[in-house]
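# Summary of structural features
Each chain, letter by letter, is given below.
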Amino acid sequence: MSDDLEDRLRRALAARAEVVSSSDLRPAAPPPAPHRSRGPFLVTGLALAAAAAAAGVFVLGGGWSPGGGTTVAVPAGWTATGTSGTTGATPDAADGGSPTSPTTSAAPSPTVTLCSASAVSVFVLPDTDTRRHGGGMNHQGATIGLTNTGAMPCRLTGYPGVALRQGTTMESEDPNTRGSTSYAQDPGPSTVVLPVGGSAYAEVSWTSADGVRPATSVDTLQVILPDQRTVLTAPLTSVLGGDRTLTVTALTPIPLPLNGSGG
Amino acid sequence: MATALSLRRPQRPDTRRADAADVVVTRHHDPDEALPTLEQLYAGQRLAMVRLAILLVDDLASAEDVVQDAFAALHAHWHRLRDPHAATGYLRMSVVNGARSMLRRRRTARAFVPPPDLPQPGADDLAVLAEEHREVIAALAGLAPRQREVIVLRYWSDLSEAQIARTLGISQGTVKSTASRALDALERTLSQKGGPR
């Protein structure tokens, strides 16, 4: 019995650890070191990169500037601290559906480019016992994840454009309502830097009650990145009713906490 | 000293990308054998250390931060390291300590967020794992930090009880009891989850 468990542990740990391969790691190359007070360049670089990684990360509501101008100090991760509505980019800087200006002046760093739809994949974060949508009142919702599948960190600002389809038939109505959903508070738009393999999240909710028309079933979630027009999809089975519109929050570096989902 | 010199003036390290197995910490010290330089250690051990860290902190970005810090600390102490062959052990110790601080910071940060249960970061990474592995990893995240460390060092790093004791700075007896309690807890969690099926 315990042997069984030990064996299972070994296999699970190996599987988890081996999800990470060398190609997932940040570039090892150190920044060009202007001052060489101690040690070799590599090590100075290490220290700098470590400091940068420890200090600078993520939700940059508008003004993260990489000071020294090094290139490796791209914020490549995030911590769970700064999600509380740091804003900076103006709301209209991030327009889900209509392609206006491709970049915003609140760009965090010239070295982090806008995520391209071809290097982003969409998934729906599965509900768990402790974090779930549903729970009565005909509210429905989902947490969308956008994963950076490219080779470089990239950034996204603002709100994604979302829609629900049955097959190829569009069932939801434009435009999205931007703001707090039935489950989560909208922290407002900010810039999220996605490390390679990292994800940004948004909450979407809708109602399944009959509205002007009878409710309908849907099987596909459609997402358009802020400021872009390429359609990305992920499977999502639900019922859409009410006025057929969707409410969506801004993108955040971690899934938003859900309220009142105990049900 | 050869090591100090090679540290001070790094010849461009040969571009052979050392794998984790490449820089092995040998137990017997051949005087003619070149000691590993920090660069070689970095090239050879970084991935292994990131993998160790990710088992402790769940997400890749934090794991990489922890490992960078560990190498930076190793650099700072390099001249005081009695035996560069012991560097791997030192690195492992810093990674475990760094991971623990990271978790502590994360808990503190969580305390400021109104609804207490933020999901584990890195949840999307887990999506690629088989269901049975995912359950184990989720159960592991529910352990106390020390229990988790002991389990990871034992079943992933394959360390002996004595080595785990040294790495964590606790007694072998504590390692043993911590491991046994952790296994009990895991068994309970897993049987609740996947039980009646």
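See the structure printed just above.
Conventions used here
- Residues numbered from 1 in each chain as written.
- Chains lettered and ligands numbered in written order.
- Predicted model: local features only at pLDDT ≥ 70, side-chain atom pairs only at ≥ 80, totals over all residues.
- Heavy atoms only, no water.
- Pairing = 2+ DSSP bridges.
- Helix = DSSP H or I, 4+ residues; strand = E, 2+ residues; numbered from the N terminus.
- Disulfide = S-S within 2.5 Å.
- Buried < 20%, exposed > 50% of the residue type's maximum accessible area, 1.4 Å probe, protein only.
- Core = buried A, V, L, I, M, F, W, Y, C linked by side-chain atoms within 4.5 Å.
- Contact = heavy atoms within 4.5 Å.
- Axes fitted to C-alpha atoms, helices over the stretch in contact; angles between N-to-C directions.
- Left-handed = near helix turned anticlockwise from the far one by under 90°.

Now for the sheet that holds strand E6 (residues 169–170) of chain A. Sheet strands pair via backbone hydrogen bonds, and the direction of the pair is either parallel or antiparallel. In spatial order, the strands read E6-E5-E10-E11 (chain A); together these 4 strands make up an open sheet with antiparallel pairing. For this open sheet the edge positions go to E6 and strand E11 (231–240) of chain A, each flanked by a neighbour on one side alone.

Here is the idea: a disulfide is a covalent bond, and it sits between the sulfur atoms of two cysteines. Residues and elements named next belong to chain A. Taken as a whole, this structure holds 1 disulfide over all chains when the rule is applied. Here Cys115 connects covalently by a disulfide to Cys154, the sulfurs 2.0 Å from one another. Every disulfide takes its handedness from the sign of the S-S torsion; for Cys115 and Cys154 that torsion is 85 degrees, giving right-handed. Separated by 39 residues along the polypeptide, Cys115 in the loop between strand E1 (113–114) and strand E2 (120–125) and Cys154 in strand E4 (residues 154–157) bring together distant segments of the chain. Judged by its relative accessible area of 1%, Cys115 is buried.

This next bit is on the nonpolar core. Counting residues in hydrophobic clusters, the biggest one holds 58 residues, and the most contacted among them are A:Leu9, B:Leu74, B:Val95, B:Leu140, B:Ile151 and B:Leu186. Elements with a minimum of two residues in this core: helix H1 (2–17) of chain A together with helix H2 (38–57), helix H3 (60–77), helix H4 (87–111), helix H6 (131–141), helix H7 (145–155), helix H8 (161–168) and helix H9 (172–194) of chain B. Broken down by element, the residue count for this core peaks at 12 residues, all from H2(B). Once residues within four sequence positions are removed from consideration, B:Leu74 is found in contact with B:Leu38, B:Leu41, B:Leu81, B:Ala87, B:Tyr90 and B:Leu91. Counting 30 residues, the second largest nonpolar core, distinct from the first, contains A:Ala142, A:Tyr159, A:Leu164 and A:Trp206.

Another point: the packing of H2(B) against H7(B). All names here are of chain B. The interhelical angle for the contact between H2 and H7, taken along N-to-C directions, is 145 degrees, at an axis separation of 10 Å. With respect to the hand of their crossing, H2 and H7 are arranged in right-handed fashion. Mapping the contact onto sequence places Leu52, Leu55, Leu56 and Val57 in H2 and Arg148, Glu149, Val152 and Leu153 in H7.

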